[in-house]
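# Notes for the structure review
Residue-level listing of the chains:
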Amino acid sequence: MNAEPARVDDGDVQLLERLAGARQALLEQVGRRIVGQHEVLDGMLTAILSGGHALLLGVPRLAKTLMVSPIAESLALKFARIQFTPDLMPSDITGTEILEEDLTTGKRAFRFVQGPVFANIVLGDEINRTPPKTQAALLQAMQEREVTVAGTTYPLPHPFFVLATQNPIEQEGTYPLPEAQLDRFMLELAVPYPSREEEERIVEETTGDEDRPVRAVLSAADLTAMQHLVRRIPAPRNVVTAAVTLARMTRPTDPAAPPAVREYVSWGAGPRASQFLVLGAKARAALDGRPMADLDDVTGVALSVLRPRLVVNFAAEAASRPASARTDGGAAPTTPPVSEVPSSTSPAVETATASHWMPATTSPRRRASTARMPMPPAETPWTSESGASASAAT
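Residues numbered from 1 in each chain as written. Predicted model: local features only at pLDDT ≥ 70, side-chain atom pairs only at ≥ 80, totals over all residues. Heavy atoms only, no water.

## As for the sheet that holds strand S1 (residues 54–57)
One open sheet holds the 5 strands; their spatial order is S2-S5-S8-S1-S9, and the pairing between them is parallel. With partners counted over all chains shown, the strands left at the sheet margins are strand S2 (79–83) and strand S9 (187–190), one partner each. In this sheet, adjacent strand axes meet at a mean angle of 20° when their direction is disregarded. In terms of strand pairing, S1 meets S9 through 4 bridges, oriented parallel. From the neighbouring strand, Leu55 faces S9, where its bridge partner is Glu188. On top of the sheet, helix H3 (residues 64–74) reaches S1, S2, strand S5 (121–125) and strand S8 (161–166); it is set at about 170° to S5, its chief contact. (Pairing = 2+ DSSP bridges. Helix = DSSP H or I, 4+ residues; strand = E, 2+ residues; numbered from the N terminus. Axes fitted to C-alpha atoms, helices over the stretch in contact; angles between N-to-C directions. Contact = heavy atoms within 4.5 Å.)

What follows is the structure, given as C-alpha cells:
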C-alpha cells in the first residue's frame, strides 16, 4: 500500500513565495547604499534566515561595516555597533549593574543597565582587536541568546544575530579568535574588491549630494516566521548524507579522510558544521522560493561553513607558497567556485581567500581559519539509505 504524500500547509506555500519576493526587495533596498557584493549579501541573508552568525573577512575600505546597517533598517530591527578595541571590557558589551539611590526613601539598590548586545543585530567591528577575555563575553550570547551578569541571566531580544568584521592584513595589536568562538559563526564570508564598473558607480554615488534612505521590507515578526519556515523545509536523505560526509572528510582520524587531509590537517570540522551545512542549504532553497534543499545548496555554502573550522599543521604551512606569490595584482580574491576546489587527490591543502592577504609568517593555526577544503571527487556518488544516489554537484 502506497503511503500518502505529505501535505504542505497552504500558509507555508504563501510564506515561501513571500520570502522569495522579500529577498529581491531586501537586496534592492540594501543596494541603495551598497554597490555590488551580491554574494556576500546573499551569504548574510542565508545566515540571518538560518538563525546563525556571520564573520566578514576582508581588507579595509570595502564597506564591510556599512553593509550591516542597511540590512538592519530593511528588516526593521534594532541595531547596535560595538567597536572592539584593546581596552574594551566585557561589561562594555553585556552591560553592568550600577548603584542607585531612591530620592524618596533614601534606599540604595543595584540596577542593571543593558549593554549594546541587547539588540537584534549586533555589529562587532574588528572583533579581533580585543583580548580573549572580552571576546568571550559574546560566547553565551551567540549560543544561548542570553547573558549572565552578577549571577542573573537576562534573555536577549529575538531575533538575535552577530555580524562581525575582521581585517586580515594587520597582525600587530590583534588577538586571534578562539576556536570556540569561530565555531559559533555559521559562515565566514570573504569580501572581495569591487569590479571596475562597480567602483565607478561607487565613486559616482558617494561623491554626490543625494540622500538614499532605506525602507523596511520585513518586520521582526515576519523574520521570525520565515526562520521557522526554513527549518520546516525538508532536506532529503542524500542531502543530509552529503553534509555529514563532507564534514567528516575534514577529520584526519576519520577513515573517509583523503590523504591530503591526513597529512596537512590537525583538526577538522565538528558536528556543528554538518548542522550548518544543512541549515544553510535549506535557507538557500527558501531564498530561491524552492520547497526543498538539494546538493547544489550544500556545495553553495560548503566553503563558507568549513573555512573557519579547520586547523592545519606546520606541514601545510611549509607546503604552501608564500602569500606574496599568490597575490593577483593586489586584488582581493573571491571565493572560488566548487568546481575549482581541490579534490581529495590534491597534493596539498591550499589556503583560501584571506591567506592571500596574510603575511607568510602568519601562524598556520590562524591560517587554518581560511583553509580550502578538498571536496568529494565528482565521480563518487553519495548514496541515501533507500539506495538512491546523487552525484556530487560540482
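Alright, that's what it looks like, and here's the rest.
## What about the nonpolar core?
Within soluble globular proteins, side chains that are nonpolar tend to cluster in buried spots. Counting residues in each nonpolar core, the largest one holds 55 residues, and the members touching the most others are Met44, Leu49, Ile71, Leu75 and Ile121. Counting residues per element, this core draws most heavily on helix H12 (residues 271–287), which supplies 8 residues. In terms of nonpolar packing, the next biggest core, distinct from the first, is built from 26 residues, Phe84, Leu138, Phe160 and Ala164 among them. (Core = buried A, V, L, I, M, F, W, Y, C linked by side-chain atoms within 4.5 Å. Buried < 20%, exposed > 50% of the residue type's maximum accessible area, 1.4 Å probe, protein only.)

## Things to note about the pairing of strand S7 (residues 152–155)
Judged from the 4 bridges that link them, strand S6 (residues 146–149) and S7 form a sheet pairing that is antiparallel. Each bridged residue has a counterpart across the sheet, and for Thr148 the counterpart in S7 is Thr153. Adjacent in sequence and paired antiparallel, S6 and S7 are bridged by 2 residues, among which Ala150 carries a positive phi angle near 55°.

## Topic: the side chain of Thr250
Among the structural elements, Thr250 can be located in the loop between helix H10 (237–248) and helix H11 (259–264). For Thr250, the side chain forms a polar contact with the main-chain oxygen of Ala247, separated by 2.6 Å. Only 2.9 Å separates the side chain of Thr250 from the backbone nitrogen of Ala269, close enough to count as a polar contact. (Polar contact = N/O pair within 3.5 Å; in protein donor to acceptor, adjacent residues only side chain to side chain.)

## Side note on H10
Helix length check: H10, at 12 residues, gives a terminal C-alpha distance of 16 Å against a target of 16 Å (1.5 Å per residue), a fit within 8%. Taken residue by residue, H10 has Asn238, Val239, Ala242, Ala243, Leu246 and Ala247 as its buried positions. In an axial view of H10, the angular spread of the buried residues amounts to 170°, which keeps them on one side of the axis. (Expected span 1.5 Å × (residues − 1). Arc of directions from axis to C-beta.)

## So, the packing of helix H2 (residues 38–50) against helix H9 (residues 220–232)
H9 packs onto H2 with a crossing angle of 85° between their chain directions and a minimal axis gap of 8 Å. Judged by the inter-axis angle, H2 sits roughly perpendicular to H9. Of the residues in H9, those in contact with Ile48, Leu49 and Ser50 of H2 are Leu223, Met226, Gln227, Val230 and Arg231. Counted by class, the contact of H2 with H9 contains 5 nonpolar, 2 polar and 1 charged residues. (Parallel < 35°, antiparallel > 145°, perpendicular 65-115°, else oblique. Nonpolar A, V, L, I, M, F, W, Y, C, P; charged D, E, K, R; others polar.)

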